[in-house]
Amino acid sequence: MTGLDRPLRVFFSVGNMFHIVPCRYNSETNRFEANSRQNLLAFAINLTLCGSLVCYDWLRMSEGKLTLQSPTSNIIIMIYLVTFPPSMVYMQLQTYANRKRITALFNVLFLDECWWSFVRPDNRLGLFACAFLVGVMVCLGGLVTSLSRLNLLLDAIVDMAWFYVAAFMTVVYVVCVLMLRIRLVQLQDAVRRNPLAVRSRWIVLLDQCRCSVRLVEEINRNFSGIMLTIIIQMQLELSNQYFTLYCYVQHGITLNEALWVTQCWASQFLVMLLAVGFSCERCHNQLDETIVAIRNSFDWKEDDDDDDHENKPVLMPRSLMKHMDKFLLDNLEQKMRFNACGFFDMDSKLICMVLISIVTYLLVLIQFHQREIK
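What you see is a predicted model, and the numbers here were worked out from it, not measured in a lab.

Enquirer: Could you clarify how one ought to interpret the overall build of the chain in this entry?
Expert: Helix and strand content of the chain: 11 helices and two strands. Mapped from its N terminus to its C terminus, the chain presents α and β elements in the order α-β-β-α-α-α-α-α-α-α-α-α-α. In the chain, which comprises 374 residues, the proportion classed as buried is 48%. In the chain, once contacts between residues fewer than 6 apart in sequence are set aside, the share between residues at least 24 apart is 80%. When the accessible surface of the chain is summed, it comes to about 18,600 Å², and 60% of that surface belongs to carbon and sulfur atoms.

Take a look at the structure:
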């Protein structure tokens, strides 16, 4: 029995510390476990910290530290206080509520050995996840150091903590999507290498195909709400940052170091959107290609009278053959996709949609700002 790759172990262990991953990998049983004491302790600590950050932001607003002269800026800050800090609490509660489903998802996606009957798994995904998070941590550390010289250390730590949690959750989502794509590639390669041998295992093949479709549904059910929250926060944050930059330029104010630093770390949201969009798009294409490859491997008739009948043994009854063909065709027509609570699909068009939304919000803010000036 082969356990989880070491890079993924490190990745999920760190995620469990932040309770972004609500389950813990047990190397003895080679399974993810949800109801351990460590998980409950991580949930309690992180929920307390998230609640403290929410109270701290509201306290700053009540003391007038965030109150500006511009009504437009005050409205932006009010939207921030209502949506931005509570989203961290929502992530913790959502992952805790779905901890059993997420645990079952991880066990099937990362540890189910029925996938390994085709091709051995690859451990480069764990290395990518760990490298990305280390790079984000280094960048955020440099930005916090820069802001600390401007007496903004505590505020910077609060904002950067949310950003790192959002980035970690995004990477967890991307890792699940890319792991599913790896499983689909393994399945497709097995069909292409030896189609006759695969036909003798048509039950396993059909189960794996159904499992792939259900995994897409499970990823949507467990993470679509959280990803929708993160995307909305990205739009609000980037719109606010670009509006601040516009105000500085319009009024001829010199761009200080704090503004450049905040613009830099806010722009990292775009990198996260690119990772989500293109990983989902690649998985969508791979799912369609795998279904087509499986269907083509069974593309023969029961009543063939040609001489090649020995090379194409009929191992499946006609009724089951029609049932399988209908199942594959239905999935090709319905095109199961990753989505954000059904509002929109998560694909390569995601970054364009978010940029259009940011431009729209920015134009509205600029119009209100110009009316204030007049």
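Enquirer: What am I meant to see in the UniProt feature "transmembrane region" (unreviewed entry) in the chain here?
Expert: With numbering matched to this structure, UniProt assigns "transmembrane region" (unreviewed entry) to residues 40-59, 71-91, 125-148, 160-180 and 350-368. Its end C-alpha atoms 27 Å apart, residues 350-368 is made of 100% helix and 0% strand.

Enquirer: Mind showing me how you'd approach a nonpolar patch on the surface here?
Expert: A cluster of nonpolar residues, L41, I45 and L49, forms a patch on the protein surface that exposes about 290 Å² of accessible area. Topologically, L49 is positioned in helix 2 (residues 37-62).

Enquirer: Mind showing me how you'd approach the confidence of the model for the chain here?
Expert: For any part of a model where pLDDT is low, the fine detail of the predicted coordinates should not be relied upon. Overall, the prediction assigns the chain a mean pLDDT of 76, with 73% of residues at 70 or greater. Mean pLDDT in the chain bottoms out at helix 7 (residues 195-199), which sits at 55, and peaks at helix 4 (residues 99-111), which reaches 89. The model gives residues 300-314 a pLDDT under 50, and that stretch makes 16 contacts with residues more than four places away or in other chains.

Enquirer: Explanation requested: unusual backbone geometry in the structure shown.
Expert: For residues other than glycine, phi is negative in most cases, and the peptide bonds are mostly trans. Positive phi outside glycine occurs at N30, with the angle close to 55 degrees. Take N30: it is sitting in the loop between strand 1 (24-26) and strand 2 (31-33). Its identity is not glycine, yet C341 carries a phi of approximately 55 degrees, on the positive side. Topologically, C341 is positioned in the loop between helix 10 (318-334) and helix 11 (350-373).

Enquirer: Honestly, the pattern of salt bridges in this entry has me stumped. Any pointers?
Expert: Opposite charge on two side chains permits pairing when their charged atoms draw close. Considering all chains together, one arrives at three salt bridges under this definition. Of the charged contacts, one joins R221 and E218 as a salt bridge, the two residues approaching to 3.9 Å between their closest N and O atoms. One end of the pair, R221, and the other, E218, are both in helix 8 (residues 202-250), three residues apart, so they sit about a helical turn from each other. A salt bridge links R337 to D288; the shortest N-O distance between them is 2.8 Å. Here R337, found in the loop between helix 10 and helix 11, pairs with D288, found in helix 9 (residues 257-297); they are 49 residues apart in sequence, far enough to count as distant.

Conventions adopted
- By convention here, each chain's residues receive numbers from 1 onward along its written sequence.
- Restriction of local features to residues with pLDDT of at least 70 applies here, the model being predicted, together with a cutoff of 80 or more for giving and counting side-chain atom pairs; totals for whole chains, interfaces and linings are based on all residues.
- Hydrogens are left out, water is left out, and the side-chain values use all remaining heavy atoms of the structure.
- Helical segments are the DSSP runs of H or I of at least four residues, strand segments are the runs of E of at least two, and each set is numbered from the N terminus.
- We call a residue buried when its accessible area falls under 20% of the maximum for its residue type, exposed when it is over 50%, and partly exposed in between, using a 1.4 Å probe and counting protein chains only.
- Any pair of residues with heavy atoms lying within 4.5 Å of one another is described as a contacting pair.
- With residues, only the protein chains shown are counted as cover, and all accessible areas are computed by Shrake-Rupley using a 1.4 Å probe.
- UniProt positions are given in the numbering used here, feature names are shortened, and annotations may be inferred rather than shown by experiment.
- Patch definition: residues with relative accessible area over 30% and no salt bridge; like charges joined within 9 Å; nonpolar side chains (Val, Leu, Ile, Met, Phe, Trp, Tyr) joined within 5 Å.
- The term salt bridge refers to a pairing of a side-chain nitrogen on Lys or Arg with a carboxyl oxygen on Asp or Glu at a separation within 4 Å.
- How sure the predictor is of each residue is captured by pLDDT, a score from 0 to 100.

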